[in-house]
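For reference, the chains in residue letters:
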Protein chains: 2
Amino acid sequence: MQDEIVDFLPCLTPDRWYEVALENLDLLLIDHANCEKKAAATAMNLMYRHVENTELLMTMSYLAREELLHFQQVVTVLKDRGITYRRLSPSRYAGGLRQHIDNSDSNGLIDTLIIGAYVEARSCERFATLAPLLDPKLSKFYGNLVKSESRHFEEYLSLARINARGDIAQRIEFFGAVEKDLVLEQDSDFRFHSGLPSESGPAHLA
Amino acid sequence: MQDEIVDFLPCLTPDRWYEVALENLDLLLIDHANCEKKAAATAMNLMYRHVENTELLMTMSYLAREELLHFQQVVTVLKDRGITYRRLSPSRYAGGLRQHIDNSDSNGLIDTLIIGAYVEARSCERFATLAPLLDPKLSKFYGNLVKSESRHFEEYLSLARINARGDIAQRIEFFGAVEKDLVLEQDSDFRFHSGLPSESGPAHLA
């Protein structure tokens, strides 16, 4: 995994999350498909909100296309493995970050971009750590995703810095603290971005 | 233009629309960018609504990626020509078709797909007719779009037939009649999918 990702993230994902992920690979893959779809939708939302920002439009459109390509790749994996793609309740993660968006600043653009950077960086870390633990086919797929998610992380962070009126270090730190809590606090439902799996039994399989 | 497009559409676009389009190329290009973005969003909406339908998911994701690529191409054209991309009120067209969606049938899927076929076929007709009237660079771009929009038309129509419980000829005919009215009735605002431009002066420039 790239040093920049490790440096940026406020903490590593607890080992317990990976153990539960490997025990619930079907659930992980289904939620992974949802995450790719949501990532594309988030990028498109920014395209609707900021029509005047050509660089943002071009980067977000490109990013949405990549997320959609990954979505198709995950759906193919689901199909090949006979896993039925179905709706899942989202984890607390994205909502837990987004509730802190300050809409008074450029219509929430900077915070949304910082959150985008965290989501991509965390995804990158989990793909990179999972890859060597998986069967060769899935391992290769997740290994390839590490590269693009890492690029997306950099693009979000760069756009946040370019579009901000001042220094955003404090805002990055603030969202880092929120993200750390979401990753280390217990979550009853296991998801791609969920926190520490609760020990209370099969609730994470819901 | 392909015979299938001409056969499918209930009428040709009136010559007057093309005259006004050439007089308002900036407006046409801005609305074209919006249309590509909206086409991607429509495809993504279907991906959210029908997670159980793998073929639909894969086709819609592929289609959204193509529309986003076209969006980037139009935004580049706008930038090269010094045209500021801005918000525009939508034409009556899509809303005029969508208000007739019967949501009791597969959650509106079949009607949405038929409307998708009409939107793509009408776009294809207008791109094909505009292409030879434009400067070489734009002419080539619009000429290339004819091919993909024609493919999208076929994909929408094919998905509508595959997913329908019975024959959809009557439903296609119904939406054809609605589409014909939207194309031949007067529209005060000029847009990529607007009807007959009104003769009342500069309102179409709004």
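(A) Structural detail: the packing of helix 2 (residues 15-23) of chain B against helix 6 (residues 109-130) of chain B. Residue and element names in this part refer to chain B. Their axes nearest at 11 Å, the elements helix 2 and helix 6 cross at an angle of 65°. Comparing the axis directions of helix 2 and helix 6 gives the class roughly perpendicular. The chirality of how helix 2 crosses helix 6 is right-handed. Judged by residue contacts, Trp 17, Tyr 18, Ala 21 and Leu 22 of helix 2 engage Glu 125, Arg 126, Thr 129 and Leu 130 from helix 6. Within the contact of helix 2 with helix 6, the residues separate by chemical class into 5 nonpolar, 1 polar and 2 charged.

(B) Looking closely at the pattern of salt bridges. The full count for this structure, using the stated rule, is 18 salt bridges over all chains. In this structure, A:Glu19 engages A:Arg16 in a salt bridge whose closest nitrogen and oxygen atoms are separated by 3.2 Å. Placement of the pair is A:Glu19 and A:Arg16 together in helix 2 (residues 15-23), with a separation of 3 residues, close to one helical turn. By relative accessible area, A:Arg16 is classed as partly exposed at 24%. Between B:Glu185 and B:Arg92 there is a salt bridge, and its shortest N-O distance comes to 3.7 Å. Of this pair, B:Glu185 sits in the loop between helix 8 (169-184) and strand 1 (186-187) while B:Arg92 sits in helix 5 (residues 92-98), placing them 93 residues apart in sequence. For B:Glu185, a relative accessible area of 37% translates into the label partly exposed. Look at the salt bridges and you will find they share partners, linking A:Arg92, A:Glu185 and A:Asp187 into a network.

(C) Up close: the nonpolar core. In this structure, A:Met60, A:Leu113, A:Tyr142, B:Leu28, B:Met60, B:Leu113 and B:Tyr142 are the most contacted members of the largest nonpolar core, which totals 142 residues. In terms of residue count, helix 3 (residues 25-49) of chain B provides more of this core than any other element does, 13 residues in total. Setting aside residues no more than four positions away along its own chain, A:Tyr142 makes contact with A:Leu28, A:Leu29, A:His32, A:Phe127, A:Leu130, A:Ala131 and A:Leu134.

(D) The arrangement of the interface of chain A and chain B in detail. Contacts between the two partners involve 28 residues from chain A, matched on the other side by 27 residues from chain B. Across the chain A to chain B interface the summed buried area is about 2500 Å²; carbon plus sulfur atoms make up 68%. Here chain A is connected to chain B by 0 salt bridges. Secondary structure elements with two or more residues in the side of chain A that touches chain B: helix 3 (25-49) and helix 4 (54-80) of chain A. Broken down by element, the residue count for the side of chain A that touches chain B peaks at 14 residues, all from helix 4 of chain A. When the residues that make up the side of chain A that touches chain B are grouped by side-chain class, the tally is 15 nonpolar, 5 polar and 8 charged.

(E) Geometry of the packing of helix 6 (residues 109-130) of chain A against helix 8 (residues 169-184) of chain A. Residue and element names in this part refer to chain A. Taken N-terminus to C-terminus, the directions of helix 6 and helix 8 make an angle of 45°; their axes are 10 Å apart at the nearest point. Judged on the interaxial angle alone, helix 8 and helix 6 are oblique. As helix 6 runs across helix 8, the sense of the crossing is right-handed. Between helix 6 and helix 8, the contacting residues are Asp 111, Ile 114, Ile 115, Tyr 118, Arg 122 and Arg 126 on the first element and Arg 171, Ile 172, Phe 175, Gly 176, Glu 179 and Val 183 on the second. Looking at side-chain class alone, the contact of helix 6 with helix 8 contains 6 nonpolar, 1 polar and 5 charged residues.

Calculation rules
Residues numbered from 1 in each chain as written. Chains lettered and ligands numbered in written order. Predicted model: local features only at pLDDT ≥ 70, side-chain atom pairs only at ≥ 80, totals over all residues. Heavy atoms only, no water. Axes fitted to C-alpha atoms, helices over the stretch in contact; angles between N-to-C directions. Helix = DSSP H or I, 4+ residues; strand = E, 2+ residues; numbered from the N terminus. Parallel < 35°, antiparallel > 145°, perpendicular 65-115°, else oblique. Left-handed = near helix turned anticlockwise from the far one by under 90°. Contact = heavy atoms within 4.5 Å. Nonpolar A, V, L, I, M, F, W, Y, C, P; charged D, E, K, R; others polar. Salt bridge = Lys/Arg side-chain N within 4 Å of Asp/Glu carboxyl O. Buried < 20%, exposed > 50% of the residue type's maximum accessible area, 1.4 Å probe, protein only. Core = buried A, V, L, I, M, F, W, Y, C linked by side-chain atoms within 4.5 Å. Buried area = accessible area lost by both parts, 1.4 Å probe.

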